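Commentary on secondary and tertiary structure
So you can see what is in the structure, the chains are spelled out below.
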Amino acid sequence: MSQTATADSRPGRILRRVRLIGWAALASFVLAIVVFLVRANTVRTVDRGAADRVFGNPAVSVTDTANAVVIAPKTGASGVGLVFVPGARVDPYAYLYKLAGTVEETGLTVVITKPVLNLAILDLRPLDTFTTVAPGVTTWLVGGHSLGGVRACLYADQPQVAGLVLFGSYCAAPLARDDLPVLSLTGSADALSTPAKIADTAGLLPATARFVEIPGANHARFGDYGVEVGDGIATASTDAVAAAITRNLTAFLADSTSR
């Protein structure tokens, strides 16, 4: 083979190699997207027994809408509502039992969002996407569990929001409103949003924020959906944690909505 032929073939080999690398990179990117979508659409399923207790409760109603699941009192609605954002890849129904007690006790209406791709941090829809499903509510609070709480913090600076409720969660940046009532519930056995992490980020919340640690609760106990990888072991029952949530959220609502 001549030197000219050898030299002429090099650009061709380089181009084929570049194309091969490009196709490999594209295939890897597509595969990563597919894996992400499959994972995002594989939610942690609700404990059916816990949800059935709410469906069987004659004092509350559960309504499924396109964007949210709504728990409302059948009588005595207070006009106060809570938009609650689930943790990453957690079925919204997993929070029915933990929130229904406060609905029954206070007349609160709870709108549990259905995040885009089951990941609240990717959900850029405005707050009124969820408040419009409960037109009878005149006072709104926002809240969430885990990453859902991080998303709720982004709603909290809006002037129409009357309070912020965090379950095993914290804000990623300082709140602009230093007068906003805040309730932060954490579990002593939470190995994901640990009590230490909650303490480290406390300065991002108003000085008046109320912090309550629930003994024996782990990260997953704020819902009813099984176990979380890396979480601590809960020693408090789901009933005990539900009662603690109801007690503390009821007291917080009495204080924050009476201002």
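**Description of the packing of aromatic side chains**
- Scanning the model with the defined rule gives four aromatic pairs in all.
- For the ring pair phenylalanine 84 and phenylalanine 167, a centre distance of 5.1 Å and an interplane angle of 55 degrees mean the geometry is tilted. Remark: phenylalanine 167 occurs in strand β6 (residues 161-167) and phenylalanine 84 occurs in strand β3 (residues 80-85); sequence separation between them is 83 residues.
- With a relative accessible area of 0%, phenylalanine 84 lands in the buried category.
- Grouping aromatic residues by their ring pairs yields a cluster made of Phe84, Tyr95, Phe167 and Phe222.
- The lysine or arginine in question, arginine 151, covers the ring of tyrosine 155, its NZ or CZ lying 4.2 Å from the ring centre.

**Overview of the sheet that holds strand β8 (residues 210-214)**
- Strand order in the open sheet formed by eight strands is β1-β2-β4-β3-β5-β6-β7-β8, with mixed pairing between adjacent strands. The sheet terminates laterally at β1 (60-64) and β8, the two strands that pair on one side only. Here the average twist between neighbouring strands, direction ignored, is 15 degrees.
- Two strands pair when backbone bridges link them, and β6 and strand β7 (residues 182-187) are joined in this way by four bridges, in the parallel orientation. Counted as the bridge partner of leucine 166 is serine 184 from β7.

**Comments concerning the pattern of salt bridges**
- Under the criterion given, the structure shown has seven salt bridges.
- A salt bridge links aspartate 64 to lysine 114, with the shortest nitrogen-to-oxygen separation between them at 2.8 Å. A residue pair is termed long-range when its members are at least 10 positions apart, and aspartate 64 in strand β1 and lysine 114 in the loop between β4 (109-113) and α4 (128-131) qualify at 50 residues.
- Overall, the relative accessible area of 44% leaves aspartate 64 in the partly exposed class.
- The salt bridge partner of aspartate 179 is arginine 177, with a shortest N-O separation of 3.9 Å.

**Focus: empty space enclosed by the protein**
- Taken as a whole, this structure holds one cavity of 30 Å³ or more when the rule is applied.
- The computed volume of the largest cavity comes to approximately 40 Å³.
- Considering the residues around the largest cavity, the lining is formed by Val85, Thr113, Pro115, Ala120, Asp123, Phe130, Arg151 and Tyr155.

**Considerations on the pairing of β8**
- Inspection of the sheet shows β7 paired to β8 by five bridges, in the parallel sense. Across the sheet, leucine 183 pairs through a bridge with arginine 210, a residue of β8.
- Between the parallel elements β7 and β8, the chain passes through helix α6 (residues 195-200) in a crossover that is right-handed.

**Comments concerning the pairing of strand β5 (residues 139-145)**
- For β5, the buried fraction is high: six of the seven residues fall into the buried class.
- Two elements, β3 and β5, share six bridges in a ladder whose sense is parallel. Each bridged residue has a counterpart across the sheet, and for valine 80 the counterpart in β5 is threonine 139.
- Judged from the five bridges that link them, β5 and β6 form a sheet pairing that is parallel. Paired with glycine 143 across the two strands is valine 165, which belongs to β6.
- Crossover β5 to β6 through helix α5 (residues 147-156) is right-handed.

**As for the packing of helix α2 (residues 48-55) against helix α3 (residues 96-106)**
- Closest axis-to-axis distance for the α2/α3 pair is 9 Å, and the angle between their directions is 25 degrees. Taken together, the axis directions place α2 and α3 in an arrangement best described as roughly parallel. Considering the relative orientation of α2 and α3, their crossing is left-handed. For the pair α2 and α3, contact is made by Ala50, Ala51, Arg53, Val54 and Phe55 and by Leu96, Tyr97 and Ala100, respectively.

Reading the values: the criteria
Residues numbered from 1 in each chain as written. Predicted model: local features only at pLDDT ≥ 70, side-chain atom pairs only at ≥ 80, totals over all residues. Heavy atoms only, no water. Phe/Tyr/Trp six-rings, centres within 6.5 Å; stacked < 30°, edge-to-face > 60°. Helix = DSSP H or I, 4+ residues; strand = E, 2+ residues; numbered from the N terminus. Buried < 20%, exposed > 50% of the residue type's maximum accessible area, 1.4 Å probe, protein only. Lys NZ or Arg CZ within 6 Å of the ring centre and 35° of its normal. Pairing = 2+ DSSP bridges. Axes fitted to C-alpha atoms, helices over the stretch in contact; angles between N-to-C directions. Salt bridge = Lys/Arg side-chain N within 4 Å of Asp/Glu carboxyl O. 1 Å grid on protein atoms, 1.4 Å probe; cavity = no way out; pocket = protein on both sides within 12 Å on 5 of 7 lines; lining within 4 Å. Points joined across faces, edges and corners; volume = space filled by probe spheres on them. Right-handed = clockwise from strand over helix to strand, strands pointing away. Parallel < 35°, antiparallel > 145°, perpendicular 65-115°, else oblique. Left-handed = near helix turned anticlockwise from the far one by under 90°. Contact = heavy atoms within 4.5 Å.

Function cannot be inferred from these measures alone, as they are strictly geometric.
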